[in-house]
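Single-letter residue listing:
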Amino acid sequence: MPPKHNDFLNALKQAQISYETGLSMAAKTTFRIGGKVQYAAFPSSREELLRLFDLCREADIPCALVGNGSNLLWDDDDFLGCVIFLGNMKSVTVCDDTVCAEAGARLSAVCTAARDAGLSGLSFAYGIPGSVGGAVYMNAGAYDGEVGQNIQSVTCYDLFARKTVTFPKAECAFGYRTSVFAQKRKNAVILGAEWKLAFGDRIQIRDEMEAYIARRREKQPLEYPNAGSAFKRYPGYFTAKLIDEAGLKGYSIGGAQVSEKHAGFIINRGDATANDVRALLSEIEQRIEARYGIQIEPEIRTREDCLLTL
Ligand SMILES: Cc1cc2nc3c(=O)[nH]c(=O)nc-3n(C[C@H](O)[C@H](O)[C@H](O)COP(=O)(O)OP(=O)(O)OC[C@H]3O[C@@H](n4cnc5c(N)ncnc54)[C@H](O)[C@@H]3O)c2cc1C
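Residues numbered from 1 in each chain as written. Predicted model: local features only at pLDDT ≥ 70, side-chain atom pairs only at ≥ 80, totals over all residues. Heavy atoms only, no water.

1. Examining the packing of helix α3 (residues 107–116) against helix α6 (residues 202–219)
Phase 1 of the analysis: Put simply, α3 and α6 touch, their axes get as near as 9 Å, and they point 155 degrees apart. Judged by the inter-axis angle, α3 sits roughly antiparallel to α6. Contacts between α3 and α6 pair Cys111, Thr112, Arg115 and Asp116 from the former with Arg202, Ile205, Arg206 and Met209 from the latter.
Phase 2 of the analysis: For the contact of α3 with α6, the per-class residue count stands at three nonpolar, one polar and four charged. (Axes fitted to C-alpha atoms, helices over the stretch in contact; angles between N-to-C directions. Helix = DSSP H or I, 4+ residues; strand = E, 2+ residues; numbered from the N terminus. Parallel < 35°, antiparallel > 145°, perpendicular 65-115°, else oblique. Contact = heavy atoms within 4.5 Å. Nonpolar A, V, L, I, M, F, W, Y, C, P; charged D, E, K, R; others polar.)

2. Thoughts on the nonpolar core
Phase 1 of the analysis: Residues Phe8, Cys82, Ile84, Val136, Phe181 and Trp195 are the most contacted members of the largest nonpolar core, which totals 62 residues.
Phase 2 of the analysis: Domain assignment of the residues forming this core places at least three in each of domain 1 (3–88) and domain 2 (92–205). (Core = buried A, V, L, I, M, F, W, Y, C linked by side-chain atoms within 4.5 Å. Buried < 20%, exposed > 50% of the residue type's maximum accessible area, 1.4 Å probe, protein only. Domains from an automatic or database assignment.)

3. What about the domain arrangement of the protein chain?
Phase 1 of the analysis: By the assigned domains, the protein chain splits into domain 1 (3–88), domain 2 (92–205) and domain 3 (222–301).
Phase 2 of the analysis: On a C-alpha basis, the centroid separation for the pair domain 1 and domain 2 is 24 Å.
Phase 3 of the analysis: Of the residues lining the interface, 12 residues belong to domain 1; the matching set on domain 2 comes to 15 residues.
Phase 4 of the analysis: Summed over both partners, the interface of domain 1 with domain 2 comes to about 1100 Å²; 62% of that surface belongs to carbon and sulfur atoms.
Phase 5 of the analysis: Considering only the side of domain 1, the residues that lose the most area to domain 2 are Arg46, Arg57 and Asn68, jointly responsible for 39% of the buried surface there.
Phase 6 of the analysis: Viewed at the interface, domain 2 and domain 1 are joined by zero salt bridges. (Buried area = accessible area lost by both parts, 1.4 Å probe. Salt bridge = Lys/Arg side-chain N within 4 Å of Asp/Glu carboxyl O.)

4. Observations concerning the sheet that holds strand β1 (residues 18–24)
Phase 1 of the analysis: Here we have five strands laid out as an open sheet, ordered β1-β2-β5-β3-β20, and mixed in their pairing. Of all strands in the sheet, those bounded by a partner on one side alone are β1 and β20 (307–308).
Phase 2 of the analysis: Strands β2 (36–42), β3 (63–66), β5 (79–85) and β20 of the sheet are contacted by helix α2 (residues 46–59), whose axis makes an angle of about 165 degrees with β5. (Pairing = 2+ DSSP bridges.)

5. Observations concerning the site of the ligand
Phase 1 of the analysis: Around the ligand, the surrounding shell holds 36 residues, and the nearest of these are Leu65, Gly67, Ser70, Ser131 and Gly141.
Phase 2 of the analysis: For the ligand, whose unbound accessible area comes to 980 Å², protein coverage reaches 95%.
Phase 3 of the analysis: Elements with a contribution of two residues or more to the shell around the ligand: β3, α4 (132–138), β9 (141–142), β13 (188–196), β15 (226–229) and α9 (303–306).
Phase 4 of the analysis: Tallied by class, residues from the shell around the ligand come to 18 nonpolar, 14 polar and four charged. (Near = heavy atom within 4 Å. Areas by Shrake-Rupley, 256 points an atom, 1.4 Å probe, with all protein chains shown as cover.)

So this is what it looks like as structure tokens:
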């Protein structure tokens, strides 16, 4: 290994930042697709994360940020750089009617903490398999709810200004599967979020959550690796219905297939590559445009969307 890399590894060890080399992204994405990454780092505190940014900057190592990898199509080739995972920064606390969570916490952990405290307003999100950071970035949503709707504030590290900034909800620019953090995707690192919720009936909240999970199991192809809805809704249309009507249910390219259970999902039949999925996405876009004259847009994010500018 060249000296620069040995120095980087030594610096990670010295800073006591947990890391791995040669990790396969197929093991870190729900699509089970992706090549190896040179370094994967797992900081366990804000201090470690900021130190990691400094080390990558000093060693001129490209950086990418991944949450739970549940909305991600990671490329097949090796990534020469450092992928940062925030899964060790996962505290969730409840204080009165407010739930605070670090970016690496699972969204489902936030939902269960709210439920246990008898707080309602997040049941819809139970079952969305993302981290708090990824869910806020995407403004993930389901069943008429969106993660951004009850947010009080989001704390973020701005890599350009090199400081921590708290965004009140009004400045988060939440929209359909977007947020100010997605717009600033090269420099905004979400550190945590706070939701202000309403007190409700714990049993009713639990029942709602179970009903939503049951709906997911019934409708979604959870038996295959996937990354959720492949495309965003097009105003006035259900994209899955259009894909189904265009006769694309079950259509496949390589190991990637339009799910027969739910046409809005692309599944990995076992040996799909990122190129298979990309080709399938593009084929669907073209067929929908030819048939309906509208341009649908993927909801799934790519490796490019994870890159940070240090
Ligand atoms: C079976 C299944 C069902 C799904 N159902 C839904 C659904 O109902 N509704 C829905 O909206 N989505 C759904 N999804 C998609 C996915 O779960 C959500 O988009 C989720 O919010 C992504 O979170 P993540 O942590 O996995 O993000 P990732 O996929 O890891 O990353 C997505 C983007 O967020 C960025 N990001 C992650 N963490 C941070 C951070 N801390 N700071 C800044 N940027 C960050 C990444 O760089 C990347 O660009 C589903 C996925 C699956 C597999």
